[in-house]
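Reading the structure
Residue-level listing of the chains:
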Amino acid sequence: MNMQRNIKVLSHDRGFLLFNHNSHINYSTLAARCIEQLKHHMPDIPVVVAGFPVMNADGNYVNVKKFENNRKVFGNQAKPWHNLSRVQAYELSPFENTIVLDTDYMATSNALEKLFDCDQPLQMHRAWYDIRNTTVENIRMGKSELDMFWATVLKFRKCDQVAKFFTLWQSVLHNWKYYADLYYISKHIVRNDFAVTIALHQLNNHNDCSHCEIPWPIHTTRDMISVQGLTRDKIFLFDNHGQFTVKFDCHILNKESLQDAC
Amino acid sequence: MFELKRNLSLLDQRCNALKYFVYEGGMWCADEKLLSYCGHIKNNDVIIDSNKNPVMIKNVKEFYNKALQQHQLVLNEYAEEYKSIVT
């Protein structure tokens, strides 16, 4: 990694940060397409990748701790899930304002640019739009009364409050079994969505966190919806009702079909 | 019928996300309520944005124009797409 050059190029006040670790899914393919989409719609905003390098990124950080021992059920099999590096986003990001994105989030518009313009230092989605059932709702975290925040799109500005949030997030990951018991969530799968939700509530002294919410829902396709194709501004999807097209930014859970479509 | 309903819901979602705009670091939904509210505020009034942050509106006319422009943009998109869905 050429750190010297990257830091020069990326002395920018805003940018995207993606984490890329290949597993049974070739996440590099997804990341490359995610970057392509971002660069088409927001050409002035740099994108850096942490983890396995991706050619079309503006910078790559390879010295990222991978966290090997988390697993998730994909289909009907438990497979390695390298999702925990994102807690390092604050220290890794070269930007003042960063949006950390999952590589399975495909931008088909410049909607995310609004988050950079907004002064709110920390923002995440809370409501989700289920594309299959056409419903908008919040997800409760375990058996608690807390609404889950999604770590899929995480915008932050570097400041003391946000640094504290990342410290709390790290602490939740280190003490996962304790928090899993406390909130009645699975001890066996460490989910960033839950970890950021707990950290955010701690940051706000367990008060209302709605000021940290991205005001529109995250548009998400479930596993049973497959991706048939992808253009710069459209995603072609398929489920048991047939083919349909979406023209908004989309978080795609069926990664296998997304990989094929990329 | 299912397809029609789904396509209209997808359109509605798309337009809902598009309605948001940023002014002086605050974020608002350019809906009918905000446009109407603009008629009741004056320069340098403080109003609350979507994230519950107080933001001073230095120039109400500019703010209103931005909101209206965003609102119209979304409605035009909606009308165009609606036509293609129902015909």
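The preceding data block contains the structure.
Residues numbered from 1 in each chain as written. Chains lettered and ligands numbered in written order. Predicted model: local features only at pLDDT ≥ 70, side-chain atom pairs only at ≥ 80, totals over all residues.

Take the overall build of chain B next. For chain B, the helix and strand inventory stands at three helices and four strands. Each principal axis of the C-alpha distribution contributes one length, and for chain B these read about 50 × 20 × 20 Å. Here chain B holds 87 residues, and the buried ones make up 28% of them. Considering only residue pairs separated by 6 or more positions, chain B has 51% of its internal contacts joining residues 24 or more positions apart. (Helix = DSSP H or I, 4+ residues; strand = E, 2+ residues; numbered from the N terminus. Buried ≥ 20, exposed ≤ 12 C-beta atoms within 10 Å, placed from the backbone. Contact = placed C-beta atoms within 7 Å.)

With that settled, the discussion passes to the sheet that holds strand E16 (residues 242-246) of chain A. Sheet strands pair via backbone hydrogen bonds, and the direction of the pair is either parallel or antiparallel. Residues and elements named next belong to chain A. As summarised here, the arrangement of the three strands in space is E14-E15-E16, forming an open sheet in which the pairing is antiparallel. Pairing within the sheet leaves two strands with one partner each, and these edge strands are strand E14 (226-230) and E16. When strand polarity is set aside, the average angle formed by the axes of neighbouring strands in this sheet is 30°. Pairing of strand E15 (residues 235-239) with E16 involves five bridges; the strand directions are antiparallel. Bridged to aspartate 239 within E16 is glycine 242. (Pairing = 2+ DSSP bridges. Axes fitted to C-alpha atoms, helices over the stretch in contact; angles between N-to-C directions.)

Moving on: the interface of chain A and chain B. Listed by partner, the interface residues are 19 residues for chain A and 20 residues for chain B. Among the elements that take part in the side of chain A that touches chain B, E16 of chain A stands out by supplying three residues, more than any other. In terms of residue class, the side of chain A that touches chain B is made up of eight nonpolar, seven polar and four charged. (Nonpolar A, V, L, I, M, F, W, Y, C, P; charged D, E, K, R; others polar.)

For the rest of this paragraph, the subject is the packing of helix H1 (residues 2-18) of chain B against helix H3 (residues 60-86) of chain B. Residues and elements named next belong to chain B. Taken N-terminus to C-terminus, the directions of H1 and H3 make an angle of 170°; their axes are 10 Å apart at the nearest point. Relative to H3, the element H1 lies roughly antiparallel. Crossing of H1 against H3: the hand is right-handed. Mapping the contact onto sequence places Leu4, Asn7, Leu8, Leu11, Cys15 and Leu18 in H1 and Val74, Glu77, Tyr78, Glu81, Tyr82 and Ile85 in H3. (Parallel < 35°, antiparallel > 145°, perpendicular 65-115°, else oblique. Left-handed = near helix turned anticlockwise from the far one by under 90°.)

Let us now look at the environment of valine 55 of chain B. All names here are of chain B. Here valine 55 is to be found in strand E4 (residues 54-57). For valine 55, a count of 19 C-beta atoms within 10 Å translates into the label partly exposed. Residues valine 55 and leucine 8 lie 47 residues apart in sequence; the distance between their C-alpha atoms is 34 Å. Once you skip the residues sitting within four places of it in the chain, valine 55 turns out to touch Glu24, Gly25, Gly26, Val46, Ile47 and Asp49.

Before going further, it helps to examine the pairing of E4 of chain B. Both faces of the sheet carry side chains from a regular strand, because those side chains alternate between them. Residues and elements named next belong to chain B. Relative to E4, strand E3 (residues 45-48) runs antiparallel, the two being bridged by four bridges. From the neighbouring strand, valine 46 faces E4, where its bridge partner is methionine 56. If you look at the hairpin formed by E3 and E4, you'll find five residues sitting between the two strands, and lysine 52 has a positive phi there, around 65°.

With phi around 60°, histidine 206 of chain A is a residue other than glycine that occupies positive phi space. Counting through the fold element by element, histidine 206 of chain A comes out in the loop between helix H7 (192-203) and strand E12 (213-214). Taking the C-beta count within 10 Å as the criterion, histidine 206 of chain A has 9 such neighbours and is therefore assigned exposed. The residue lysine 52 of chain B is not glycine, and still its phi comes out positive at about 65°. With respect to the helices and strands, lysine 52 of chain B occurs in the loop between E3 and E4. Looking at lysine 52 of chain B, the number of C-beta atoms within 10 Å reads 12, which means it is exposed.

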